[in-house]
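Chain and residue survey
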Amino acid sequence: MTFPTYFEALDAKQLLEDYPVGDAFVRRYTAMSRDELRARQERDFTKLMARGWQIPFYQRLWGAKGIEPGDIRGLDDIEKLPVYDKSDLMASVAEYPPFGDFGGADGPDRPPVIFHTTSGTTGRPQPLLFGPKGREVGNLLVGRMYRWQGLQPSDIVQSVYGHGMINGGHYIREAVTHFTNSLFLSAGTGIETRSANQVGLMADFGVTVLVGFIDYIRKLAEVARDEGLLDRIDVRMICGHLGTEDRAGVEAAWGGARAYDWYGVGDTGTIAGEGPERDGLYVWEDAHYLELLDVDSGTPVAAGETGDMVVTCLYKDDVAPCIRFNTHDITHELTSANATGMVFKRIAGFKGRSDNMVKLRGINVFPHAIGALIENRADLTGEYVCRLRRDPASGRDDMLVLLETRGGTDHGQLSGMLRQGLGVEVVVELCEPGGTAGLTQIDVRQKPIRLIDERKN
């Protein structure tokens, strides 16, 4: 039986021509105009739509809205297409188990397929399918971002992204090993490599760059201090997901390392990331078409206004095309001039989840916003968890915020600061360092739990 191997199904030289890295990346996209970029997006979108019409999931989704092939002539028509989200994909999995009907990878002549799942942070893990092109472009986008931010061949990179079935750790490893010359340590989460062993690896192998979720990277600085290893570790660069948190706290924890923010989800890979000037997250518009839509109406928001990030992966035209996927992560576009000369638009980064928003007394509260409010306080560790409760007698919802303190915290002052920062009063409780770990599961999860909705219990 003959069939193409992974490497036969992928033209690596063409991939690097289409999606340059290093100096070639900077040259192309500082010289390109918005009109030239739009022409490229239109070309790739036309090819993507042709592939989408071959996928049963999209045939059903679009057909239900009366859309037929030929109705969508270009990106100007994209708003005619319905958005979809994880719930639609999981419904597909339930109806067409175990992988759903959104992959387009059926039959004996299918291309090689890489299979992972999401972390299950917002529910049951979702199948993630990648063809060789989709996989390697996603890897490349991360690798070229790291290189633009300053990653060097001499760097030793330690990753604290999860492995197992989770996509994150695997594709970050592929990004660094395929598209940079840096050495890579795939340490994984605290359950894969205990935190004390993590910092031991850093000291033993001279780790200079940390990549992963910022919550755990910040915690590892505390572990390194407790283990007496902090002076032996010289981390110069951190590439994580800062979101609403102030980078100053994690930079200070690691002795002045320079931290960079980026954003992406399992279905899409990296969507945007900071450049060397750290003047916002540049959307990789040669690979993605990003829309910001009003959370309630689904219509485009004005430049500078907050909306749901809805993503179309222009490059993913082999396995599991992604066309108007609603991440339910919110952000806003930055409208000031950028400092790098890049043609790409910029966003502010992750600002919370619209489907994790809590409405208290008419005020929209995003639990992740608490991280930014408490990060630079020396009396707090930066760890917290929110518990949403409902009084059965009054029907009133309240949010209890449990925060870790090193001692000396003024409870009344802290409560007032959170009330001012969030715009609504919350109940504050304090605990010792490590006291939230059992609830957030920070040692075993890629993304710590920050909201527990006890109204559902």
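With that out of the way, let us pick up the nonpolar core. One finds F45, W62, L81, Y146, I172 and F344 to be the most contacted residues of the largest nonpolar core, which totals 75 residues. Among the elements that take part in this core, helix α6 (residues 132-149) stands out by supplying seven residues, more than any other. M202, I217, I233 and I238 belong to the second largest nonpolar core, which has 25 residues in total.

The next subject is unusual backbone geometry. A cis amide bond links P97 with the next residue in sequence, P98, at an omega value of 0°. The topology assignment puts P98 in the loop between α5 (86-95) and β1 (114-117). Despite not being glycine, H328 shows a phi value in the positive range, around 65°. Position of H328 among the secondary structure elements: in strand β12 (residues 325-334). The phi dihedral of Q441 is positive, around 55°, even though this residue is not glycine. The residue Q441 is located in the loop between α13 (437-440) and β19 (451-453) in this model.

What follows deals with the packing of aromatic side chains. What describes a pair of aromatic rings is the distance from one ring centre to the other and the angle between the planes of the rings. With the rule as written, the count across this model stands at 18 aromatic pairs. When the ring of F57 is compared with that of Y58, the centres are 5.3 Å apart and the planes differ by 80°; the resulting orientation is edge-to-face. Assessed through its relative accessible area of 4%, F57 is described here as buried. For Y58, a relative accessible area of 0% translates into the label buried. Measuring from ring centre to ring centre gives 4.8 Å for Y58 and W62, while their planes differ by 35°; the resulting arrangement is tilted.

Taken together, the side chains of F99, F115 and M165 make up a nonpolar region of the molecular surface, amounting to roughly 270 Å² of accessible area. For F115, the location among the structural elements is in strand β1. With relative accessibility at 33%, the residue F115 sits in the partly exposed group.

Thresholds, definitions, all that
- Residues numbered from 1 in each chain as written.
- Predicted model: local features only at pLDDT ≥ 70, side-chain atom pairs only at ≥ 80, totals over all residues.
- Heavy atoms only, no water.
- Core = buried A, V, L, I, M, F, W, Y, C linked by side-chain atoms within 4.5 Å.
- Buried < 20%, exposed > 50% of the residue type's maximum accessible area, 1.4 Å probe, protein only.
- Helix = DSSP H or I, 4+ residues; strand = E, 2+ residues; numbered from the N terminus.
- Phe/Tyr/Trp six-rings, centres within 6.5 Å; stacked < 30°, edge-to-face > 60°.
- Patch = residues over 30% accessible without salt bridge, like charges linked within 9 Å, V, L, I, M, F, W, Y side chains within 5 Å.
- Areas by Shrake-Rupley, 256 points an atom, 1.4 Å probe, with all protein chains shown as cover.
- Salt bridge = Lys/Arg side-chain N within 4 Å of Asp/Glu carboxyl O.

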